[in-house]
Amino acid sequence: MTAETFVRNWASYSTPVALRCDDGETYVVKGLQPAKPAMAHAIVLEQVLARLGRIVGAPVPEVVLVDVPQALIDVEPEIAFMSAGLAHGLGLVDNCSDKIGIEAVTSDRNRQAYGRLAVLDGWGHAWRPAADQDAGRGRGVWSVDHGLFAGGKNWTAASLAGLPSPAAPFPDLFAHADQDALDDALLKVHAVTDDALAGVIGWVRPSWGVPTEDLVALAKFLAGRRDTL
Amino acid sequence: MPSYYTIIQVVPDPLTDERINVGVIAFDDDGHIEHRVLNNWNRVKAFAGAANVNPVTTSVHGIFDEALTPDVIRSMTTEWRHSVQLTTPRGSLANVKSLAA
């Protein structure tokens with residue numbers, strides 16, 4: 001899909017921007033930034049871990065690639081920092097905040113979400129200071145930021161090899177996790193074949209400039225953790 | 001042809017700067033202009049107080065009594081600093097009609 005309209009941005013390292021696209025939906029987009037070379041590796045993690053999250057049934061919004069035209073960048077100064085071309089995108093969940101923390105833990109929906117997120121976090125070696133929570137009625141938890149998995153945006157083949165074995169990187173999630181959802185997510189992880197994993201990595205665009213050997217290392221990293229999780 | 005939109009906001013107290021969106025104006029540099037404004041102001045009444053709703057409703061609808069041009073809209077976005085304000089125009093590649101829809 002192609003971005004048509006700038007909606008807003010957020011102040012953070014990756015400076016995500018909300019863009020309304022030609023399918024009528026609004027996506028939160030993270031793209032390459034000439035001033036931040038590490039964004040290439042960061043959006044690889046964003047795209048891959050978000051898709052893996054969907055596979056395990058975690059509460060990850062729709063994952064897409066968004067074409068950001070140069071013409072839009074030219075008319076909107078707020079996105080002048082971005083490069084044109086395909087970027088990582090997630091469906092916008094209105095009224096969310098990452099400042100709420102782990103709460104609404106008695107909701108069945110969230111307990112199942114925490115169970116699946118605990119598995120995703122273990123698989124991808126998450127560093128998750130907080131989960132994004134819908135600040136409206138029901139306070140549903142969502143997982144929308146995956147650039148801090150696998151050691152973060154500066155990951156390399158060597159850094160992946162040095163990460164510890166799968167564990168519970170965020171025990172607070174486990175404390176509230178629904179066991180059935182957690183078990184089901186684990187089954188889904190173990191059902192992901194090497195070919196399926198390669199298919200997920202295949203969403204990474206060559207234009208992002210991440211070396212093939214790094215992508216192979218990421219695939220091996222995820223395959224290895226799948227087998228030991 | 002790029003287009004732009006600005007959101008019309010009610011700001012009951014400029015000191016606290018809390019605001020609520022009440023409409024949108026879309027325009028392009030060929031002079032195409034479309035707008036959409038709330039039909040139901042109950043939420044604004046709850047936000048701004050009943051006594052303040054009539055004046056701001058009049059101000060908002062008064063925007064469209066003027067001979068609007070892209071330049072007039074842009075000047076409103078920088079000069080209106082009271083209880084009705086317009087956000088900095090944001091860019092789009094969509095046409096003006098769909099942008100205001």
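In this numbering scheme, every chain counts its residues from 1 along its sequence in written order. Chains carry letters and ligands carry numbers; both start at the beginning, A for chains and 1 for ligands, and go up in the order they are written. For a predicted model such as this one, the threshold for reporting local features is a pLDDT of at least 70, and the threshold for listing and counting side-chain atom pairs is 80 or more; totals across whole chains, interfaces and linings nevertheless cover every residue. Excluding hydrogens and water, the side-chain figures rest on all heavy atoms present in the structure.

A. Structural detail: the overall build of chain B. Numbering of helices and strands starts at the N terminus; helices are DSSP runs of H or I of at least 4 residues and strands are runs of E of at least 2. Broken down by element type, chain B carries 4 helices and 5 strands. Put simply, chain B runs from its N terminus to its C terminus through helices and strands in the order β-β-β-α-α-α-β-β-α. Within these notes, the globule rule equals 2.2 Å times the number of residues to the 0.38 power, and the radius of gyration is based on C-alpha atoms. Computed over the C-alpha atoms, the radius of gyration of chain B is 13 Å, within 12% of the 13 Å expected from 2.2 N^0.38 for a compact globule of 101 residues. Buried residues in chain B amount to 42% of all 101 residues. Only protein chains enter the accessibility calculation, which uses a 1.4 Å probe; a residue is then buried when its area is under 20% of its type maximum, exposed when over 50%, and partly exposed in between.

B. Quick look at the nonpolar core. All names here are of chain A. Of all hydrophobic cores here, the largest spans 48 residues; its most connected members are Val44, Val48, Leu52, Leu120, Trp123, Leu218 and Leu222. Breaking this core down by element, the ones donating at least two residues are α1 (39-55), β4 (63-68), α3 (108-124), α6 (179-190), α7 (194-201) and α8 (212-228). Ranked by residue count, the leading element in this core is α1, at 10 residues. Each nonpolar core is a collection of buried residues, namely Ala, Val, Leu, Ile, Met, Phe, Trp, Tyr and Cys, held together in the definition by side-chain atoms within 4.5 Å.

C. Structural view of the confidence of the model for chain B. Residues and elements named next belong to chain B. Of the residues in chain B, 100% reach a pLDDT of 70 or more, and the chain-wide mean stands at 91. For every residue, the predictor assigns a confidence score, pLDDT, that lies between 0 and 100. Ranking the elements of chain B by mean pLDDT puts helix α2 (residues 50-62) last with 85 and strand β5 (residues 90-92) first with 97. ipTM for the predicted complex: 0.85, alongside a pTM of 0.91.

D. The packing of aromatic side chains, seen in detail. Aromatic rings from Phe, Tyr and Trp, with only the six-membered ring used for Trp, were paired whenever their centres fell within 6.5 Å, and each pair was classed as stacked if the ring planes differed by under 30 degrees, edge-to-face if by over 60, and tilted otherwise. Under the counting rule described, the total for this entry stands at 1 aromatic pair over all chains. Lysine NZ or arginine CZ positioned within 6 Å of the ring centre and within 35 degrees of the ring normal marks a charge as sitting over the ring. Stacked on the ring of Trp142(A), the Lys or Arg Arg109(A) has its end atom at 4.9 Å from the ring centre.

E. Here's a closer look at the interface of chain B and chain A. At the junction of the two partners, chain B supplies 11 residues and chain A supplies 11 residues. Here chain B and chain A share an interface that buries about 790 Å² over both sides, 54% of which is from carbon and sulfur atoms. Buried surface area refers to the total accessible area, computed with a probe of radius 1.4 Å, that the two partners give up upon joining, counted for both partners together. For the chain B face of the interface with chain A, the top three residues by lost area are Arg90(B), Gly91(B) and Leu93(B), together amounting to 54%. A carboxyl oxygen of Asp or Glu within 4 Å of a side-chain nitrogen of Lys or Arg is what we treat as a salt bridge. For the pair chain B and chain A, the number of links is 0 salt bridges. Any pair of nitrogen or oxygen atoms within 3.5 Å is treated as a polar contact; in protein, a donor-acceptor pairing is required on top of that, and neighbouring residues in sequence qualify only through side-chain atoms on both sides. Counting across the chain B and chain A interface gives 7 residue pairs in polar contact (both at pLDDT 80 or more). Broken down by secondary-structure element, the contributors of at least two residues to the side of chain B that touches chain A are β1 (3-10), β5 and α4 (96-100) of chain B. Per-element accounting of the side of chain B that touches chain A gives the leading share, 3 residues, to β5(B). Any two residues whose heavy atoms approach within 4.5 Å are treated as being in contact.

F. Structural context of the layout of surface pockets. Roughly 1,200 Å³ of internal volume is contained in the largest pocket. Note on definitions: the grid is 1 Å and covers protein atoms alone; a cavity is a set of points where a 1.4 Å probe fits but cannot get out; a pocket is an open set with protein on both sides within 12 Å along at least five of seven lines; lining residues have an atom within 4 Å of a point. Together, 32 residues line the largest pocket, and Val7(A), Tyr5(B), Ile7(B), Asn21(B) and Arg90(B) are the ones closest to its centre. Every element with two or more residues in the lining of the largest pocket is listed here: β1 (3-9) and β3 (26-30) of chain A together with β1, β2 (20-28) and β3 (33-37) of chain B. Gly is placed with the polar residues, together with every amino acid not listed as nonpolar (Ala, Val, Leu, Ile, Met, Phe, Trp, Tyr, Cys and Pro) or charged (Asp, Glu, Lys and Arg). When its residues are assigned to classes, the lining of the largest pocket shows 14 nonpolar, 8 polar and 10 charged. Grid points are joined across faces, edges and corners, and a volume is the space filled by probe spheres set on the points.

G. Inspection of the confidence of the model for chain A at higher detail. For chain A, per-residue confidence averages 91 on the pLDDT scale, and residues scoring 70 or more make up 92% of the total. Within chain A, no element has a lower average pLDDT than strand β7 (residues 132-134) of chain A, which sits at 67, and none a higher one than β4(A), at 98.

H. Here's a closer look at the pattern of salt bridges. Residue and element names in this part refer to chain A. One pass over the full model with this rule turns up 10 salt bridges over all chains. The partner of glutamate 46 in a salt bridge is lysine 30, and the shortest N-O contact between them spans 2.7 Å. One end of the pair, glutamate 46, is in helix α1; the other, lysine 30, is in strand β3, with 16 residues separating them in the sequence. Residue classification places lysine 30 among the buried residues on the basis of a relative accessible area of 7%. The salt bridge partner of lysine 30 is aspartate 145, with a shortest N-O separation of 3.1 Å. Of this pair, lysine 30 sits in strand β3 while aspartate 145 sits in the loop between β8 (141-142) and α4 (157-161), and the two are 115 residues apart along the sequence. One salt-bridge network, in which partners are shared between bridges, spans Lys30, Glu46 and Asp145.

I. Quick peek at the pairing of β2(B). All names here are of chain B. Most of β2 sits inside the fold, with 8 of its 9 residues counted as buried. Judged from the 8 bridges that link them, β1 and β2 form a sheet pairing that is antiparallel. Bridging from a neighbouring strand, tyrosine 5 pairs with alanine 26 of β2. We call two strands paired when DSSP finds no fewer than two bridges between them. Between β2 and the antiparallel strand that follows it, β3, lie 4 residues; glycine 31 among them carries a positive phi value of about 95°.

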